[in-house]
Structure formats: structure tokens, C-alpha cells
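This is what each chain is made of:
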Amino acid sequence: MAWLTRTLRRPIFALAMAPLSLTAWLLVKICAPRRAYRGAVRFVTMLYPLVATTYARLHPQGLQRDRRGIMLQWMFGVMTRHGFVDLDVRVDDLAAIKRRHAEGRGVMLCTAHTGLTMAMFSVLEQQGWRNVLITRGSGHGWNWGCRNPIQLIRPGGDSLLQLRRCLRQGAVAVLYPDTLPSREGPQTIVISPNLFEFARMTGTPLLYYDARLAADGAIALDVVEPVTGRVEEFAGFVAGRNGWQTAIGRAPKTTG
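Keep in mind the model is a prediction, meaning the values are calculated, not measured. (Residues numbered from 1 in each chain as written. Predicted model: local features only at pLDDT ≥ 70, side-chain atom pairs only at ≥ 80, totals over all residues. Heavy atoms only, no water.)

A. Just unusual backbone geometry, in detail. Positive phi, close to 75°, is recorded for aspartate 93, a residue that is not glycine. With respect to the element layout, aspartate 93 can be found in the loop between β1 (89–92) and α4 (94–101). (Helix = DSSP H or I, 4+ residues; strand = E, 2+ residues; numbered from the N terminus.)

Structural data, given as C-alpha cells:
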């Protein structure tokens, strides 16, 4: 029975997300880009109380995450693949990014998989900065609010060399050192030290940020300048902001 449940979960989850996909498609086709954003936020705000229990059963996870953000992440991906969505984004301490970027060594922005962090790409593009992301994913539909695609670096033997080259050219890299746990087993976030060691060795400016859906419907990005820039400090940042249990280690090669 457990095997059957796991097998059916993906198609059932896709079916359950169909209203989000359809609504996102309709909004981006019939509304102006900013109204499409507002419509998505209103839709999720109204819908979530009705589907929260079912959604949690279809996509169970012990982590404390704002599932509205995950639902909006899905919708913004659909909207970006089929049109343009103009995000309402507020950045707390954008000046820190500007100040570090002015040093001419690029900037590394470290965050975690909380649901709305990809909104940072639109902020960087508006500033005229090049976006870079290390990922195994396709990147298709991830550049919410952007006119240009994100530059992707595939994890591998030379990924950090590619990253260093991009940073030297003034890029701002959005980086996810965390690995989310599977649905089974301990709900502990694993933080890889690789990027923090890289930043220390290369002298690259490093900042942290997180994202949340504000009460007024905007996406609030909070940028924090670290004291040490060490992996232990970032693990504490992630744990404190999200109420997660964290551990430091190497991420499994099968994820990303």
C-alpha cells in the first residue's frame, strides 16, 4: 500500500495543482503583468484555507514552510513560461548588495529553498547585474519578472571555476547551499560548506537573504551581511529564520 501511495502521489499532486496552473495561465494571458501578479496572490490567499489539509497530505513535509509561497512559486513558473509577470518585490538592504558589488569582485547571495527566493533574479536584472545560478534543473520558468534568461552553471568538476570566471566579470550568483530532506526520515536541512570555503579562498563578497510573502502581498527579500561568512553562521541564519533543524555536510550528488 505504501508503494502504491508513493507511485500515485506524483500524478495526484499534478492533478491537484491543475487549478493553480490553469489560473496562472489565464492571469498571464488576460491581465497586465502587475495585475497578473496581484491576481495570483489573491487567488492563493483565498484558496489556501480551503485546500491546506489536502495539499499537506499530497505533499507531506515536516518542515515549517509557508505553503502559500510554494503554491505561488508554481504559479509564477507557469506564468513565466507562458508570458510575463511583474513581481511586487521589496528588498531590505539592497544597499548592501550595491556596496559589495561596487568592489568589483562579484557577489555571492546565499539563500535556502523556502519558496519565493527566485524573486531575487528580477531585482538583480533591474539593477543591470548578470544573474548566475548553479543548478541541475532546467531553469525553465525560474526567471520570474525577468526579460532575460538566467545563466546556469551545471554542478561538476569545473563548476566553481565557471562561477569564479562569472564573478570576476561582475556577476551576482544566487546560490542554494541547502539540501531539503526526503519526505521520510529526519527533517534536517543539510548545508554544504563548499560555497563558503570557495568565498573565503577567493575573497568573494558573500551575503545571505531570505524571502517571505508580506501582509500587503509583496514579496519581501531580507538581505543580511554576515559577520563571519562561515557555513556555521549560515546554518544558524537558516535555522533561525525558518525554525528548521540544520546539519553541516556534503549534499548528495543526486540532488540539486
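B. Region of the structure containing the packing of aromatic side chains. Applying the stated rule across the entire model yields six aromatic pairs. When the centroid spacing of 5.2 Å and the interplanar angle of 65° are considered together, the rings of phenylalanine 76 and tryptophan 144 count as edge-to-face. Linking phenylalanine 76 in helix α3 (residues 67–82) with tryptophan 144 in the loop between β3 (131–134) and β4 (151–153), this pair joins segments that are 68 residues apart in sequence. For the pair shown, phenylalanine 76 and tryptophan 144 are each scored as buried. An aromatic cluster is defined as three or more aromatic residues linked by ring pairs; in this entry it consists of Phe196, Tyr208, Phe234 and Phe237. (Phe/Tyr/Trp six-rings, centres within 6.5 Å; stacked < 30°, edge-to-face > 60°. Buried < 20%, exposed > 50% of the residue type's maximum accessible area, 1.4 Å probe, protein only.)

C. Inspection of the packing of helix α6 (residues 159–168) against helix α7 (residues 194–202) at higher detail. Viewed as axis vectors pointing N to C, α6 and α7 meet at an angle of 50°, and their least axial separation amounts to 12 Å. One element, α6, and the other, α7, form an angle in the oblique class. Seen along the crossing, α6 lies across α7 with a hand that is right-handed. Contacts between α6 and α7 involve Leu160, Leu163, Arg164 and Leu167 from the first element and Leu195, Phe198 and Thr202 from the second. Of the residues that constitute the contact of α6 with α7, the class distribution is five nonpolar, one polar and one charged. (Axes fitted to C-alpha atoms, helices over the stretch in contact; angles between N-to-C directions. Parallel < 35°, antiparallel > 145°, perpendicular 65-115°, else oblique. Left-handed = near helix turned anticlockwise from the far one by under 90°. Contact = heavy atoms within 4.5 Å. Nonpolar A, V, L, I, M, F, W, Y, C, P; charged D, E, K, R; others polar.)

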